[in-house]
Amino acid sequence: MVKLKFVQANGTEIETDAALGMSVMQAAVNAGVDEIAAECGGACACGTCHCVLPQEWFERVAAPQDDEADMLEFVIEPQPTSRLSCQVVVSEDMHGMVINVPDSQV
Amino acid sequence: MLTDPASRISFDPQSTGFAADPYATYAAMRALDTPYFWESANTWMLTKMADVEAVALDKTMLRNNEDFIEDGDQKAQQRAINFHDMPYHERYVQVNLLESEGATHARLRKVVFREFSPAMIARQRPAIQDFVDTLLEELCEQDEVDFVAEFAAHVPGHIIGRVLGVPDEDAPMLRHWSEEVVRFFDPERGAEDKARAECATKEFYEYLLVLLAEREKAPKEDLLSKLIVYRDSGQLSQDELISTAMLILMAGHGSTIDVLGSGLHALLRFPDQHQRLRDDPNLMKTAVQEMFRYESPLPYFHRFATEDTEVGGKLFPAGTRFGLLYGAANRDLNRFERPDVFDVGRTPNRHMAFGGGGHFCLGNHLARLDMDVIFSTLNTRFTEMELVGAEPKYKSGLSVRGPKELRICWKRA
């Protein structure tokens, strides 16, 4: 298990233990991070699981694939370190990762 | 001898009982240990959220099964489902973004996704507000209206038409064509439905050709003009351009009318929730989300298994056809607390009214915006709204859900 910390737009922090191999989106949904709507269920088809990683964590996780990069252009207020949480797979080196969650994208 | 519990379920989507309340039947189907087999459609019906979600997200489950059946079989199958001998429909409706998979689906979806992103859709708000205001200005003089026919039916055609580049005066034709084509997707389609769907597709095609010729001469800032650019740069064939334009005009058309009707009906059936929304208009976003869950306007889609698979505790061979009953999954007690209660503040509300997986509804933001503008405006303009007469009757069939008419009276603010 890997500890992840979701920081919501209002500053509320939700910590959770995420299993290796699951997506950060799934970890957020399981932890009750309601702003992660994840409407398409993780198919990189809706852009509603948008999150923003701190620069240092953004650099440490695998870069977005083309389909995610395309989708990120269309989320509400994309940032340079934006990711779709459904496309970020939890791995051991993410222990302690902070994930900033913008307001719901729905 | 024990009776099979499934045999006790009376599943007749064309019946008036089902139209009045499909949810009792869905609940009985959900209570079964394994999926329900609908013999006349040779389809395994999935009603539990976990099963519906798993199949919608499974990349081996496809909208069509042509990739793994032989050409001859494909023709036989097309014939078996009565999708044959309708050249226009076969060419422009049976093959499109919705029916494609893999690389083709990704390419077609990418071409139009930008136009339906939240930021692009938000630009439509003033136009939607203008249109709604004008329509209500005419209607509010009447004490009583059929909200479906006199109001809701006029909205989506104008709005989607405007996105695509169809002149306002042609919007009524869009509604007609859309309904004629969509009704043929019902699993229980008949010969008359077939002839009407083919006729509508042909008329629609010929109409689009004229419009395309105009845009080629004088491009505008509309989607049709952009699709021409994609076609001319080789990213889209002419057939794909036509089928994409048709799909966009049809996909969110009848379903938006239906959910506008069922959404208002829900507010009128749950006056405490309507008042709650009036008292706190910030709940509009969750209220709209709940309207889609409570009466999902497109309650049924299908997938084919392309591999042997286990679904809902039962093994199925490749080629099995599954019915994804989104309308049933969205009332699953294992996912939603008090699922049969309409709750305008429900959070989280991760339902599947817009589908799931790669085919997730492209037009969801536009549909939500339509609803947001309309219900906000109604709540501001009218202090009271009430049902008139008997409970409204809902459409029959499995693939659509919405009231045939919704007679209401209202009192201006």
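J.: Can you explain the overall build of chain A? Please cite residues and give values.
T.: When its secondary structure is counted, chain A shows three helices and five strands. Mapped from its N terminus to its C terminus, chain A presents α and β elements in the order β-β-α-β-α-α-β-β. Against the 2.2 N^0.38 benchmark of 13 Å for 106 residues, chain A shows a C-alpha radius of gyration of 12 Å, consistent with a compact globule. If one aligns the C-alpha atoms of chain A with their principal axes, the spans along those axes are about 30 × 25 × 25 Å.

J.: Go over the sheet that holds strand 4 (residues 144-146) of chain B with me, naming the residues and quoting the values.
T.: All names here are of chain B. Overall, antiparallel pairing links the three strands, which are arranged 4-10-9 in an open sheet. If you trace the sheet from one side to the other, it starts and ends with strand 4 and strand 9 (382-387), each paired once. Taken pair by pair, the neighbouring strands of this sheet meet at an average axis angle of 30 degrees, ignoring direction. Summarising the sheet, strand 9 and strand 10 (residues 407-412) pair through five bridges and their orientation is antiparallel.

J.: Describe the nonpolar core, with residues and values.
T.: Residue and element names in this part refer to chain B. With 136 residues, the main nonpolar core has Val52, Ala245, Leu324 and Leu325 as its most contacted residues. At nine residues, the largest contribution of residues to this core is made by helix 14 (residues 238-251). Setting aside its immediate chain neighbours within four residues, Ala245 contacts Leu164, Leu208, Leu224 and Leu227.

J.: Give me the lowdown on unusual backbone geometry, citing residues and values where you can.
T.: Residues and elements named next belong to chain B. Of note, the amide linkage connecting Thr347 to Pro348 takes the cis form, showing an omega dihedral of -10 degrees. Following the sequence through the fold, Pro348 ends up in the loop between helix 18 (326-329) and helix 19 (364-381). Here Asn42, not a glycine, exhibits a phi torsion of approximately 50 degrees, which is positive. Mapping Asn42 onto the fold places it in the loop between strand 1 (36-38) and strand 2 (43-46). With a phi close to 40 degrees, Arg338 is a non-glycine residue in the positive phi region. Structurally, the position occupied by Arg338 is in the loop between helix 18 and helix 19. Among the residues examined, Arg338 registers 9 C-beta atoms within 10 Å and is labelled exposed.

J.: Got a sec to walk through the interface of chain A and chain B? Specific residues and values, please.
T.: Chain A puts 16 residues into the contact, and the matching count from chain B is 19 residues. A class-by-class count of the residues in the side of chain A that touches chain B yields nine nonpolar, three polar and four charged.

J.: Talk me through the environment of B:Asp33; I want residue IDs and the actual numbers.
T.: As for its placement among the helices and strands, B:Asp33 is situated in the loop between helix 2 (22-30) and strand 1. Distance from B:Asp33 to B:Gly312, taken between C-alpha atoms, is 7.8 Å for residues 279 residues apart in sequence.

J.: Give a description of the environment of B:Arg303 that names residues and reports values.
T.: Residue and element names in this part refer to chain B. Counting through the fold element by element, Arg303 comes out in strand 5 (residues 300-305). Sequence separation between Arg303 and Arg63 is 240 residues; the distance between their C-alpha atoms is 4.8 Å. With sequence-adjacent residues up to four places away left out, Arg303 is seen in contact with Val55, Met61, Leu62, Arg63, Phe322 and Leu324.

Thresholds, definitions, all that
Residues numbered from 1 in each chain as written. Chains lettered and ligands numbered in written order. Predicted model: local features only at pLDDT ≥ 70, side-chain atom pairs only at ≥ 80, totals over all residues. Helix = DSSP H or I, 4+ residues; strand = E, 2+ residues; numbered from the N terminus. Rg over C-alpha atoms; globule rule 2.2 N^0.38 Å. Pairing = 2+ DSSP bridges. Axes fitted to C-alpha atoms, helices over the stretch in contact; angles between N-to-C directions. Core = buried A, V, L, I, M, F, W, Y, C linked by C-beta atoms within 7 Å. Buried ≥ 20, exposed ≤ 12 C-beta atoms within 10 Å, placed from the backbone. Contact = placed C-beta atoms within 7 Å. Nonpolar A, V, L, I, M, F, W, Y, C, P; charged D, E, K, R; others polar.

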